[in-house]
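This is what each chain is made of:
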Amino acid sequence: MSFINYSSREINCKIVYYGPGLCGKTTNLQWIYSKTNPDLKGKMISLATETERTLFFDFLPLALGEIRGFKTRFHLYTVPGQVFYDASRKLILKGVDGVVFVADSQIERMEANVESLDNLKLNLADQGAKLEETPFVIQYNKRDLPNAAPLDEMKQLLNSSGLPDFEACATDGRGVFETLKAVARSVLRDLKQMSGS
Amino acid sequence: MHGNGLVIYDEDIRRIQAVVERLVRDANAKGVFVVDRNGQLISEAGEMRGLDTTSLASLTAGCIAATGGLAKLVGEEDFPVHFHQGQRDNLHITLVAKRIILVVIFDDRSSLGLVRLRVKKVGVELAKVFEEVQKKSEQEAASGAATPFSEITDDDIDNLFSA
């Protein structure tokens, strides 16, 4: 849920990176953090286990610049991808303005991708929202791996409605900022539409 | 987008700020923060300069969300009051009107009893302010009044990413 503060002239929005365990959600945020001007970012917080698996969430506040005199700030969150952390995923999705679904391109992870996407739809429905009405982009991550599934197959499986989607390799940054820009743009367009213009 | 976002105007911030500054004095607190349940910082006062308030807001919201989940598990609606005791500083966190989180940081210049007492009174005041803020937000959304977004163009959005 966006927060517009007329006093500090700020617009704050929440973007959540969703996807199956080990698909690269945290790596996306780490890349963004490492490549962003220090003036534009806050501290990145990772609530992770000892083995660096996300336990609750990662958080990265990011400033994107000004629109009509208002500073736009995006709060990026990841969810824990492992199936048994569903209660945490539900909490993190609350008040979301836009979602990035990070799919793992490895062929053996296709079932996990589909399961996670279904779980996203269910958890959004739990808070009275529909994925179709939420700013949403898909990222096919790990495209560099030899066991990556053909892109067409992934699109057919995960993006039958032709939403904005991107190939990526979050470890070397390919596609990471393209994905972020697309979801941020989609969130701002959605806010504009909600304003009735 | 899910429902209408929170919109806060200058006059609302001034009212909230006045309440928060009074609470710092009355509770002998080091710092007081008002955070939206979604993790956005709304107001702050006190001597905690240099603190990473964005992180504080996000983690507080996470904390309230996690214990709210626990509350439901044991058949409670929420656990609206949290107290974290440290060696030097302590944190008192209260969920106000199910939407706003009031965080008080205090040390041995104050006491848990005093903080509790002051927070209880201020909570009622803040609840009233935010009820009005919410009403105003809803009325403006319903009337189609201009927001910063109603005038932005696709070019404005694209320009944000051109750098």
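Because the structure is predicted, anything quoted here is derived from the model rather than measured. (Residues numbered from 1 in each chain as written. Chains lettered and ligands numbered in written order. Predicted model: local features only at pLDDT ≥ 70, side-chain atom pairs only at ≥ 80, totals over all residues.)

Trainee: Help me understand the sheet that holds strand 4 (residues 81-85) of chain B, please; the structure alone is not making it clear to me.
Mentor: Adjacent strands of a sheet pair through backbone hydrogen bonds, lying either parallel or antiparallel. Residue and element names in this part refer to chain B. Sheet architecture is open: five strands sit in the order 3-2-6-5-4, paired in antiparallel fashion. Here the strands that pair on one side only, and so sit at the sheet edges, are strand 3 (41-46) and strand 4. Strand-to-strand, the axes of this sheet are offset by a mean angle of 10°, without reference to chain direction. Strands in contact with helix 2 (residues 53-73) are strand 2 (31-36), strand 3, strand 4, strand 5 (90-96) and strand 6 (100-106); relative to strand 2, the strand with the most contacts, it is inclined by about 65°. Here helix 3 (residues 112-143) sits on the sheet in contact with strand 4, strand 5 and strand 6, set at roughly 150° to strand 6. (Pairing = 2+ DSSP bridges. Helix = DSSP H or I, 4+ residues; strand = E, 2+ residues; numbered from the N terminus. Axes fitted to C-alpha atoms, helices over the stretch in contact; angles between N-to-C directions. Contact = placed C-beta atoms within 7 Å.)

Trainee: Can you help me understand the interface of chain B and chain A in this one?
Mentor: Interface size, as often reported, equals the accessible area lost upon joining of the parts. Listed by partner, the interface residues are 34 residues for chain B and 45 residues for chain A. Top contributing element to the side of chain B that touches chain A by residue count: helix 2 of chain B, with eight residues. Per-class residue counts for the side of chain B that touches chain A are 15 nonpolar, 14 polar and five charged. (Nonpolar A, V, L, I, M, F, W, Y, C, P; charged D, E, K, R; others polar.)

Trainee: Help me understand the pairing of strand 4 of chain B, please; the structure alone is not making it clear to me.
Mentor: The side chains of a regular strand alternate between the sheet's two faces. Residues and elements named next belong to chain B. Examined bridge by bridge, strand 4 and strand 5 share five bridges and lie antiparallel to one another. Its bridge partner being in strand 5, Phe83 is matched across the sheet by His92. Counted along the chain from strand 4 to the antiparallel partner strand 5, the turn is four residues long.

Trainee: Could you clarify how one ought to interpret the pairing of strand 3 of chain B in this entry?
Mentor: Residue and element names in this part refer to chain B. When you tally the buried positions in strand 3, you get six out of six residues, the bulk of the element. Sheet topology note: the strand 2/strand 3 ladder contains five bridges and is antiparallel. The partner of Val34 across the bridge, within strand 3, is Ser43. Connecting strand 2 to the next strand, strand 3, in antiparallel fashion are four residues, including Gly39 with a positive phi near 100°. (Buried ≥ 20, exposed ≤ 12 C-beta atoms within 10 Å, placed from the backbone.)

Trainee: I would appreciate a short explanation of unusual backbone geometry in the present structure.
Mentor: Note: most peptide bonds trans; most residues except glycine with negative phi. Residues and elements named next belong to chain A. Its identity as a non-glycine residue notwithstanding, Arg9 has a phi of 50°, on the positive side. Positive phi, normally seen in glycine, also occurs at Glu52, with a value near 65°. By the element assignment, Glu52 lies in the loop between strand 3 (45-48) and strand 4 (54-67).

Trainee: What is the right way to look at the environment of Phe56 of chain A in this model?
Mentor: Here Phe56 of chain A shows up in strand 4. Looking at Phe56 of chain A, the number of C-beta atoms within 10 Å reads 24, which means it is buried. Spatially, the C-alpha atom of Phe56 of chain A lies 31 Å from that of Glu153 of chain A, the residues being 97 residues apart in sequence. Contacts of Phe56 of chain A, omitting those with residues within four sequence positions, involve Leu47, Pro80 and Ser88 of chain A together with Gly62 and Ala66 of chain B.

Trainee: Help me understand the nonpolar core, please; the structure alone is not making it clear to me.
Mentor: Side chains of nonpolar character tend, in soluble globular proteins, to be buried together. Core analysis: the biggest nonpolar cluster contains 93 residues, and Val16 and Phe101 of chain A together with Val104 of chain B have the highest contact counts within it. Sort the elements by how many residues they give to this core and helix 5 (residues 176-194) of chain A lands first, with eight residues. If we ignore the near neighbours within four places in the chain, the residues touching Val104 of chain B are Ala27, Ala29, Val32, His92, Val115 and Val119 of chain B. (Core = buried A, V, L, I, M, F, W, Y, C linked by C-beta atoms within 7 Å.)

Trainee: I keep staring at helix 2 of chain B and nothing clicks. Help me out?
Mentor: Residues and elements named next belong to chain B. With 21 residues, helix 2 should cover 30 Å at 1.5 Å per step; its first-to-last C-alpha distance of 30 Å lies within 8% of that length. Within helix 2 the residues assigned to the buried category are Thr54, Leu56, Ala57, Ser58, Thr60, Ala61, Gly62, Ile64, Ala65 and Gly68. Just beyond helix 2, the residue with positive phi is Gly75, at close to 85°. (Expected span 1.5 Å × (residues − 1).)

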